[in-house]
Amino acid sequence: MDGHIFGYGGSILRVNLSNGAITTESTMDYARDWIGASGIAIKILYDELRDWVTAYDPQNKLVFGAGALLGTPAPGACKMNVSCIGPVTGGWASGCSDSYVGGQLKYAGYDSIIFEGRAHCPVYLWIDNDVVELRDASHLWGKTTWETLDSLRDETGDKKLHIVSIGPAGERLVRAACIIQDRNRAFGRCGMGAVMGSKNLKAVVARGTGSIKVARPQQFMEIVGRVRKMFEQAKIRDQFRDYGTLFSLPRKQEVCGLSYKNFQETAIPDDMVDAIDPMKSIDKYQVARQSFPGCVLGCSRHLEITDGPWAGLKTEACQHEVVSTLQTRLAIWEPTFMFKANALCNSMGMDVDAAGGAIGWAMECFQRGIIDESDTGGMKLEWGDAETALELIRMISYREGFGNLLAEGSARAADILGRDSSYFAMHMKGQDLYEPCRGSNGWMLGTVVSTRGGGHTTGAIVLETTPGLDPEKGHEVYGVDNIDKPLDYEGKPEAVIYMEAVSRMANCLGICLYSTTCLDMYQTDLSQMADLYSAATGWDVSVDDLKEMAMKQLNMEKALNLRFTDFDRRHDKPTPRDWQEPIPTGNLTGWKIDHDEFNKMLDRYYELHGWDKKTSYPTRHTLEGLGLKQVADDMEKIGKLGMK
Amino acid sequence: MACSYHHTGEFNPARSSFIIVEKEDEAGYVLQLLEQATGGAIACDGCQGLDEPLCLQYCREHEELLPIMTQFFEKAGITR
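The structure presented is a predicted model; accordingly, all values stated were derived computationally and were not measured.

(A) Geometry of the environment of A:C190. Residues and elements named next belong to chain A. With respect to the helices and strands, C190 occurs in the loop between β11 (185-187) and α6 (192-198). For C190, a count of 33 C-beta atoms within 10 Å puts it in the buried group. With 37 residues separating them along the chain, C190 and R153 place their C-alpha atoms 29 Å apart.

(B) Structural detail: the packing of helix α21 (residues 492-509) of chain A against helix α22 (residues 526-537) of chain A. Residue and element names in this part refer to chain A. Close contact between α21 and α22 brings their axes to 10 Å; oriented N to C, the two are set at 30 degrees. Between α21 and α22, the angle falls in the class roughly parallel. Taken as a pair, α21 and α22 cross one another with a handedness that is left-handed. For the pair α21 and α22, the contacting residues are A501, V502, M505 and L509 in the first and L526, M529 and Y533 in the second. When the residues that make up the contact of α21 with α22 are grouped by side-chain class, the tally is 7 nonpolar, no polar and no charged.

(C) Quick look at the sheet that holds strand β7 (residues 123-128) of chain A. All names here are of chain A. Strand order in the open sheet formed by 6 strands is β8-β7-β12-β9-β10-β11, with mixed pairing between adjacent strands. Here the strands that pair on one side only, and so sit at the sheet edges, are β8 (131-136) and β11. Strand-to-strand, the axes of this sheet are offset by a mean angle of 20 degrees, without reference to chain direction. Across 2 bridges, strand β9 (residues 163-165) lies against strand β10 (residues 179-181) in antiparallel orientation. Pairing of V164 across the sheet is with Q181, part of β10. The strands that helix α4 (residues 145-156) touches are β9, β10 and β12 (201-207); relative to β9, the one it contacts most, it runs at about 140 degrees.

(D) Representation of the domain arrangement of chain A in the model. Residue and element names in this part refer to chain A. Each domain of chain A was delimited in the assignment, giving domain 1 (11-207), domain 2 (247-432) and domain 3 (441-637). Distance between the C-alpha centres of domain 1 and domain 3: 27 Å. Taken together, the 35 residues of domain 1 in the interface contact 26 residues of domain 3. Mapped onto the side of domain 1 that touches domain 3, the elements with two or more residues apiece are α2 (36-48), β4 (79-85) and β5 (92-98). Sorting elements by how many residues they give to the side of domain 1 that touches domain 3 places α2 first, with 7 residues.

(E) Structural detail: the environment of B:A2. Residues and elements named next belong to chain B. Secondary-structure assignment places A2 in helix α1 (residues 2-8). Judged by the 21 C-beta atoms lying within 10 Å of it, A2 falls in the buried class. Sequence-wise, A2 and P13 are 11 residues apart; in three dimensions their C-alpha atoms are separated by 8.7 Å.

The rules behind the values
- Residues numbered from 1 in each chain as written.
- Chains lettered and ligands numbered in written order.
- Predicted model: local features only at pLDDT ≥ 70, side-chain atom pairs only at ≥ 80, totals over all residues.
- Helix = DSSP H or I, 4+ residues; strand = E, 2+ residues; numbered from the N terminus.
- Buried ≥ 20, exposed ≤ 12 C-beta atoms within 10 Å, placed from the backbone.
- Axes fitted to C-alpha atoms, helices over the stretch in contact; angles between N-to-C directions.
- Parallel < 35°, antiparallel > 145°, perpendicular 65-115°, else oblique.
- Left-handed = near helix turned anticlockwise from the far one by under 90°.
- Contact = placed C-beta atoms within 7 Å.
- Nonpolar A, V, L, I, M, F, W, Y, C, P; charged D, E, K, R; others polar.
- Pairing = 2+ DSSP bridges.
- Domains from an automatic or database assignment.

The structure is reproduced here in structure tokens:
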């Protein structure tokens, strides 16, 4: 360990894949100003990447970062993060996952790994405490993530070995390829798996037997106990423990929060809710619980599917996202499809949203006669056809035939195909998404302004459509009086900015977003995060300190995007379909985004951030106020400094 | 992690008295309580000096741990 820091592993590994050099740096070089995982990553990427770097250039860097509280019993601390310049948006790419490897990394004494360069042949990184080496992965190249795990466990004789790896999708630079933890958890969106593939890096293996020492252990354990106790008040706890986010399907149906036939509708046929009910499937097929060290909720299950077309499948349950992005989006009624599709995507190292987005676009194009069998290699693309959907996921992952076009994601595929097909590509800034943006304005705002292209995990108000929210508690937590009114436009910018801080700090600390106020107002808030981090490190930080660090990080993400992309205000907007069409069916039939109100809401959001309302660019005043003078100078040089 | 904290004052699953063993041919795991030290792991002492063992206080899998610890206490003749 290079320099002792309480709570942290202490060192950062730098691995140059081009020449094989492996060096260490002290985490202390970063940790006072940039907390943990994604905080340290954005600082490294912003400072070290040259302006001409693109996603697959060897000069791009891939930063793995274990959460600052990972490896301790802090409730929900089980996440690792991976960040880089990504091939989907061309800018900030970042995703996290529950991760055994992250914990092992810290027990081995490391907080982050910076991969740079490109290996001459496939390699994997082996970490066993002080032994860190690149090993030949030629025999693993071509294998699925599941096969890779089995091979490495067989080779080492260690049945408890944990890895993160890429599958065929990452090897073939499928743009939204994921990195997979063991078999079933994904570092999703943005295409970090493709960047890993571009570097000829197949896997990372970590074993550690050291310890994490906290500065004030007794106080730390008292806080852990207090926070755990707090969870007993959380209303969603029991449902969440039993079904994870899968319990939300009926409510999503009530509030038109689903995708049906590629968002042509945002509610599904009522009898489909019952037909595909994932809670019934969990009750029927579950064989064991699944959770990660540090997890406070334990939301997942191992399943063994015993009947239907995929009888015999053994896999982990998916989360709600797969229901909406693949099952209902493609109008598939077979209830076990969601588990089969999720398992296939994970084994291929393929992002579920990118698969659903591209296949949904293709099926709608087929429905409308924009494409036909002459485009698809003879395949008929029809709604509800599960076998065709699975075959397309496989073809995308291997870039075979028509799958090669879909592997680019719906936005690029539509650009390549032309034929006025881009309206049906449901993406934001190139990122395929499952989030419908009609009928939930805080969710919409947080989704469209996301610095990683789009998505609900970086600032969206996830709980605003939850029934029975207590407005008083909402005011206390979110700082607004109308958290329970999803159709209001006022108050949403304030609430989104609060959630931007929560999501970033959760990510930096390695705390699962599902165990925060994101999902239930009686779960971990910034106050508990500050207490835990202070006791762990011995550095006293307040809620305001965490908010400021989160805003500093967010402005850096924004600045990174301004350096590497053309994004501005025009891109912080829902998809054309969400923007133009009223909700066609369901309880909110006829509801439509009010363009004036949306623009006022966006104005207010930029104003609160201190960003230029015309362009969305941060101003010098804002950047310098966060201690980012150099960033302000950089933005001025490239003509992207906000004026007011 | 709470277990290793009791033994060492630090968080280190390798020193814990609990071993999580993944089942060979099926999903899931089995919790094994060490009554004797093995490798770096430290034998359970029932969290002597505490009203309630830390694993029961801090681990989410309280329901799975309770019968294991109850059996341990009975065998060791510890009453609480």
